[in-house]
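Listed here are the chains, written in short residue letters.
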Amino acid sequence: MANPLPRAITVLSGGMGGAKFLQGLLHGIRTGTVPASDDAVVTVVANTADDLWIHGLKVCPDLDTVMYTLGDGIDPERGWGRREETWSVKDELATYGVEPTWFGLGDRDIATHLVRTQMLEAGYPLSAVTTALCQRWLTPAYGDSLRLLPMTDDRVETHVAIADAEAPSGRRVIHFQEYWVRLRAEVPAEALAFVGLDDSSPAPGVVEAITGADLVIVPPSNPVVSVGTILGVPGIREALLETTAPVVGLSPIVGESHVRGMAEQMLTSIGVEVSAAGVAGHYGARSRGGVLDGWLVDERDADQVARIEQAGLRAAAVPLMMTDHPATARMAAAAMALAQ
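In this report, we go over the structure that sits alongside the text.

Calculation notes
Residues numbered from 1 in each chain as written. Predicted model: local features only at pLDDT ≥ 70, side-chain atom pairs only at ≥ 80, totals over all residues. Heavy atoms only, no water. Buried < 20%, exposed > 50% of the residue type's maximum accessible area, 1.4 Å probe, protein only. Helix = DSSP H or I, 4+ residues; strand = E, 2+ residues; numbered from the N terminus. Pairing = 2+ DSSP bridges. Right-handed = clockwise from strand over helix to strand, strands pointing away. Axes fitted to C-alpha atoms, helices over the stretch in contact; angles between N-to-C directions. Contact = heavy atoms within 4.5 Å. Salt bridge = Lys/Arg side-chain N within 4 Å of Asp/Glu carboxyl O. Core = buried A, V, L, I, M, F, W, Y, C linked by side-chain atoms within 4.5 Å. Parallel < 35°, antiparallel > 145°, perpendicular 65-115°, else oblique. Left-handed = near helix turned anticlockwise from the far one by under 90°. Nonpolar A, V, L, I, M, F, W, Y, C, P; charged D, E, K, R; others polar. Phe/Tyr/Trp six-rings, centres within 6.5 Å; stacked < 30°, edge-to-face > 60°.

**Considerations on the pairing of strand β2 (residues 41-46)**
- Taking burial as the measure, the 6 residues of β2 include 6 buried ones, the bulk of the element.
- Burial along β2 is two-sided: the face carrying Val41, Thr43 and Val45 and the face carrying Val42, Val44 and Ala46 are both buried.
- Pairing geometry for strand β1 (residues 8-13) and β2, over 6 bridges, is parallel. Of the residues in β2, the one forming a bridge with Ile9 is Val42.
- What joins β1 to β2 is helix α1 (residues 16-31), and the crossover it makes is right-handed.
- Sheet topology places β2 next to strand β5 (residues 146-150); 5 bridges connect them, and they run parallel. Across the sheet, residue Thr43 finds its bridge partner in β5, namely Arg147.

**With respect to the sheet that holds strand β11 (residues 294-298)**
- Read from one edge of the open sheet, 7 strands run β5-β2-β1-β9-β10-β11-β12, paired in parallel fashion. Single-partner strands in this sheet number two, and they are β5 and β12 (314-318). The mean inter-strand angle of the sheet, taken between neighbouring strand axes irrespective of direction, is 20°.
- The strands touched by helix α12 (residues 276-283) within the sheet are β9 (215-218) and β11, with β11 carrying the most contacts at an inclination of about 160°.

**Brief notes about the sheet that holds strand β8 (residues 191-195)**
- Read from one edge to the other, the open sheet built from 3 strands follows the order β7-β6-β8, with strand pairing classed as antiparallel. Every interior strand has two partners, whereas the edge strands, β7 (171-175) and β8, have only one. Neighbouring strand axes in the sheet, compared pairwise and without regard to direction, differ in orientation by 30° on average.

**Some remarks on the pattern of salt bridges**
- Applying the stated rule across the entire model yields 12 salt bridges.
- Notably, a salt bridge pairs Lys58 with Asp51, separated by 3.9 Å at the nearest N-O pair.
- In this structure Asp51 comes out as buried when scored by relative accessible area, which is 2%.
- Here Arg171 ties to Glu190 by a salt bridge, and the two come within 3.2 Å at their closest N and O atoms. Here Arg171, found in strand β7, pairs with Glu190, found in the loop between α7 (176-182) and β8; they are 19 residues apart in sequence, far enough to count as distant.
- Overall, the relative accessible area of 34% leaves Arg171 in the partly exposed class.
- Classification of Glu190 by relative accessible area gives partly exposed; the value is 36%.

**Some remarks on unusual backbone geometry**
- Backbone torsion omega between Glu99 and Pro100 reads 0°, so that peptide bond is classified as cis.
- By the element assignment, Pro100 lies in the loop between α3 (88-95) and α4 (107-121).
- Of note, His55 is a non-glycine position whose phi angle comes to about 55°, a positive value.
- Residue placement: His55 occurs in the loop between β3 (52-54) and β4 (57-59).
- At Arg184, a position not held by glycine, the phi torsion is positive, near 55°.
- Of the residues examined, Arg184 reaches a relative accessible area of 57% and is grouped as exposed.

**Quick notes on the environment of Ala185**
- Looking at the element boundaries, Ala185 is found in the loop between α7 and β8.
- Considering only alpha carbons, one finds Ala185 and Pro246, 61 residues apart in sequence, at a separation of 34 Å.

**Structural notes on the nonpolar core**
- By size, the foremost hydrophobic cluster in this structure holds 54 residues, and its most contacted members are Leu12, Tyr179, Tyr283 and Trp295.
- Considering every element that reaches this core, the biggest residue donor is α12, with 5 residues.
- Counting residues in hydrophobic clusters, the runner-up holds 44 residues, among them Leu70, Met119, Cys134 and Leu146.

**Here we look at the packing of α1 against helix α2 (residues 61-70)**
- Relative orientation of the contacting elements α1 and α2 amounts to 30°, with a least axis distance of 9 Å. Judged on the interaxial angle alone, α2 and α1 are roughly parallel. Regarding α1 and α2, the two cross each other, and that crossing is right-handed. Residue-level contacts link Met16, Ala19, Leu22, Gln23 and Leu26 of α1 to Thr65, Val66, Thr69 and Leu70 of α2.
- Residue classes in the contact of α1 with α2 are distributed as 6 nonpolar, 3 polar and no charged.

**Re the environment of Leu320**
- For Leu320, the location among the structural elements is in the loop between β12 and α14 (325-339).
- In this structure, the C-alpha to C-alpha distance between Leu320 and Glu256, residues 64 residues apart in sequence, is 13 Å.
- If near-sequence neighbours (up to four positions away) are discounted, Leu320 is found in contact with Leu250, Ser251, Leu296, Val297, Asp298 and Met331.

**Overview of the packing of aromatic side chains**
- According to the stated counting rule, one finds 4 aromatic pairs in the structure shown.
- Consider the rings of Tyr68 and Trp137, whose centres lie 5.0 Å apart with planes at 65°: the pair is edge-to-face. Here the residue Tyr68 occupies a position in helix α2, and Trp137 occupies one in helix α5 (residues 126-137), the gap between them amounting to 69 residues. There is no split in this pair, since Tyr68 and Trp137 are both buried.
- Between Tyr283 and Trp295, the ring centres sit 5.7 Å apart and the planes meet at 65°, which makes this aromatic pair edge-to-face.

If you want it as structure tokens, here you go:
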């Protein structure tokens, strides 16, 4: 008897990589490339450990990247922020000498952060604020078939330790966004600190989205500072172990290097081998206490499939370059096939 088509699909997402994968997944569901129930619902659990307060505003980079991308408002060249953006406020702040100047808030983007900050200060949790913002960006196109949830309503921030000869300890700790945006991840990350993560709890609906899913997908997002922080919220890893849904991931490492972003730097900082098999081992098989049942690698890494299978995971090698929506949809379909 054939397996029923999945109706509830949950995706654990970071920013750019996760958002691009989601575009392909949703395209595939609409065109039939990805087999799913006619009333399928995709729930996105997004990383919020990249969040920061800047100029008095609450900024949620990964939530906004997913929201703007799926709502057709993203700047396609940068991969973040709003399309047709202007920078008058940023330039004016610079003339006043207001720091930091390295983190650019565009004029159109600021509107989102103003609404979010006002609602948070009025007492609404981040999950409720996100739902309100999605009424503009996602509901018109997707209705109830797409939900975006923050991993937690609690304040969690990723900080990075880097070498600094002038600091008494020989190193200093900076916010992840400073490491990524100002330093462009061009200096080694000596250690990571996830402030508030151990004391956080899943946002409403997150655990239910995992335990009630027919399929859980881990897209090619950063395994340390995107998916890794989602898994670090107490209760989420346990939900993945509890769910009856298959959990399938796609490697962010192709040919021993990340395609975009800084997965290589982050994996190195925690001592994980930078390879498709290395990341698979980092996540681990659910049958052995990890979080995955299956793992897709790129065709260039087909020689690692046997090693991954020896670690207790189902594995397959398929093209994993998200060159366009149809190509990404085929990746999502391959993940679903591996799950079945």
